[in-house]
Amino acid sequence: MKVLGLSFGKKNANDDILVKEALYGAKEAFPDAEIKFINTQRLTIDRCIGCGACSACLEKGGDNDCIIKDDYQMVEEAVRAADAVILAAPVYVLQPVGQFKNLVDRFGCRHDVSAINWVLDKRRSGEMPGDADAYPIERLRRRTVSYISVGGATTDNWTSMGTASLHLFGFPAMMKVVANYNANCMGTVANPYLDEELIGHMHEIGKRTAAAVNMEDKDVEFYGPKGMGTCPVCHQDLLMVNGTTTVQCPICGIEGKLSVDGEKLNVEFSEAQQARARGTFAGLREHTTEIQGFGAVCMPKIMANKELLEEKMKRIKNFDEMINA
Ligand SMILES: Cc1cc2nc3c(=O)[nH]c(=O)nc-3n(C[C@H](O)[C@H](O)[C@H](O)COP(=O)(O)O)c2cc1C
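The notes below deal with the structure included here.

## Observations regarding the packing of aromatic side chains
Now for step 1: Evaluation of the coordinates by the stated rule reveals 2 aromatic pairs.
Now for step 2: When the centroid spacing of 5.6 Å and the interplanar angle of 85° are considered together, the rings of Phe8 and Phe100 count as edge-to-face. You can see Phe8 sitting in the loop between strand E1 (2–7) and helix H1 (14–29) and its partner Phe100 sitting in helix H4 (residues 98–108), a full 92 residues away along the chain. Considered together, Phe8 and Phe100 belong to a single accessibility category, that of buried residues.
Now for step 3: Taking the centre distance of 5.2 Å and the plane angle of 20° together, the rings of Phe107 and Phe169 count as stacked.

## A look at the site of the ligand
Now for step 1: Near the ligand there are 16 residues, and of these Lys10, Asn14, Asp15, Val91 and Trp158 occur at the shortest range.
Now for step 2: At 2.9 Å from a nitrogen atom of the ligand is found a main-chain nitrogen or oxygen belonging to Val93.
Now for step 3: About the coverage of the ligand: the protein hides 73% of its 640 Å² of free accessible area.
Now for step 4: Elements with a minimum of two residues in the shell around the ligand: H1 and strand E3 (84–92).
Now for step 5: The greatest single-element share of the shell around the ligand, amounting to 3 residues, is contributed by E3.
Now for step 6: Looking at side-chain class alone, the shell around the ligand contains 9 nonpolar, 5 polar and 2 charged residues.

## Concerning the side chain of Ser165
Now for step 1: Topologically, Ser165 is positioned in helix H6 (residues 162–166).
Now for step 2: Beyond its immediate chain neighbours, meaning those up to four positions away, Ser165 contacts Gln95, Pro96 and Phe100.

## Details of the pattern of salt bridges
Now for step 1: Applying the stated criterion across every chain, the model contains 17 salt bridges.
Now for step 2: Lys218 is the partner of Glu216 in a salt bridge, and the nearest nitrogen-oxygen pair spans 4.0 Å.
Now for step 3: Since its relative accessible area comes to 65%, Lys218 is described here as exposed.
Now for step 4: Here Lys306 makes a salt bridge to Glu310, at a shortest N to O gap of 3.9 Å. Of this pair, Lys306 and Glu310 both sit in helix H11 (residues 306–317), 4 residues apart, roughly one helical turn.

## Notes on the nonpolar core
Now for step 1: Ranked by size, the top nonpolar core spans 27 residues in total, and within it Leu6, Val79, Val85, Leu87 and Phe169 carry the most contacts.
Now for step 2: Taken together, the elements giving at least two residues each to this core come down to E1, helix H3 (72–81), E3, H4 and strand E5 (144–150).
Now for step 3: Discounting residues that sit within four places of it in the chain, Leu6 has contacts with Val19, Ile38, Thr40, Val75, Val79, Val85, Ile86, Leu87, Ala88 and Leu103.

## A few points about H3
Residue pairs spaced three or four apart in an α-helix point in one direction, given the helix's 3.6 residues per turn.
Now for step 1: Across the 10 residues of H3, 7 count as buried, placing the element largely inside the fold.
Now for step 2: The complete set of buried residues in H3 reads Tyr72, Gln73, Val75, Glu76, Ala78, Val79 and Arg80.
Now for step 3: Buried residues along H3 sit in contact with E1, strand E2 (34–39), E3 and H4.

## With respect to the sheet that holds strand E7 (residues 246–248)
Now for step 1: Spatially, the 3 strands line up as an open sheet ordered E7-E8-E9, and their pairing is antiparallel. Single-partner strands in this sheet number two, and they are E7 and strand E9 (264–268). The average undirected angle you get between the axes of adjacent strands in this sheet is 40°.
Now for step 2: Where E7 and strand E8 (residues 255–261) come together, 3 bridges link them in antiparallel fashion. The residue bridging Thr246 from the neighbouring strand is Lys257, located in E8.

Conventions adopted
Residues numbered from 1 in each chain as written. Predicted model: local features only at pLDDT ≥ 70, side-chain atom pairs only at ≥ 80, totals over all residues. Heavy atoms only, no water. Phe/Tyr/Trp six-rings, centres within 6.5 Å; stacked < 30°, edge-to-face > 60°. Helix = DSSP H or I, 4+ residues; strand = E, 2+ residues; numbered from the N terminus. Buried < 20%, exposed > 50% of the residue type's maximum accessible area, 1.4 Å probe, protein only. Near = heavy atom within 4 Å. Polar contact = N/O pair within 3.5 Å; in protein donor to acceptor, adjacent residues only side chain to side chain. Areas by Shrake-Rupley, 256 points an atom, 1.4 Å probe, with all protein chains shown as cover. Nonpolar A, V, L, I, M, F, W, Y, C, P; charged D, E, K, R; others polar. Contact = heavy atoms within 4.5 Å. Salt bridge = Lys/Arg side-chain N within 4 Å of Asp/Glu carboxyl O. Core = buried A, V, L, I, M, F, W, Y, C linked by side-chain atoms within 4.5 Å. Pairing = 2+ DSSP bridges. Axes fitted to C-alpha atoms, helices over the stretch in contact; angles between N-to-C directions.

Printed below as a string of structure tokens:
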């Protein structure tokens, strides 16, 4: 079993300590486990530039490699090689540090289980070029993941989008989330080693993330030492509200029904909604289908308005001259 620790914090600081202690936990539980640790802070992981080269290449029968060559490839290879991932990122201004999002944007779409299988099915039916069997499908094999969000603030108010945002890393690849932990309070804890309970949770997270590799998804019990969260799928407490009693989990994209009982708020997510959460094949497939339909809607619009758009786009291409005229 290969267990990977990824830390987006400073070298030997809070994120490193928490991830490494989780890795010690995994090693205690599975002495034969191969452990790897990467600190990303000094790595260059540039942003996705939306060039579409990865999906275009896949649809032409090739691979879906990212054409930006930097340290991303090394991190991607390490994740692909891992059976279990323990990922920690510091909260910078309410959310995980920006480099984490750069990784998410480049990794997620290119490991989207539904999108890749959609192309491979088209290869099999002859609708798209390429050999379906040539694609290294083991890249999409099952992995387990746990997330640790690290913040300085004493309340979870200043880490409000930390833990939830970390869930964006693994859902396209349908990684099985074992645990998440909001390690806020670092500003007053001073060093995680001064909080035995926290270190204990990290060991438990490491053990459970590794143990879940050998389990079926349905048998993995989510480990949420700070609570099980409002959404029964991602276990986060964020909700999108729209003035009705129907709310949405912004991470899973599923609808729930809200009711109030005195001071208590209940949100019920039906089994049917849970089954279409973003991190399930059905949820991902909804999005694949939506995206694949864009061309049929947009192309006729563009063709019918070719001259108008050419004229209008001069305002954009010649913006500097036109705004100062
Ligand atoms: C630019 C910047 C913004 C930060 N914003 C927040 C914040 O919004 N909320 C919070 O709780 N901590 C915030 N912090 C504190 C870090 O999350 C905290 O110091 C954390 O321990 C850093 O991780 P590391 O020790 O592994 O490097 C911020 C730190 C920096 C440098």
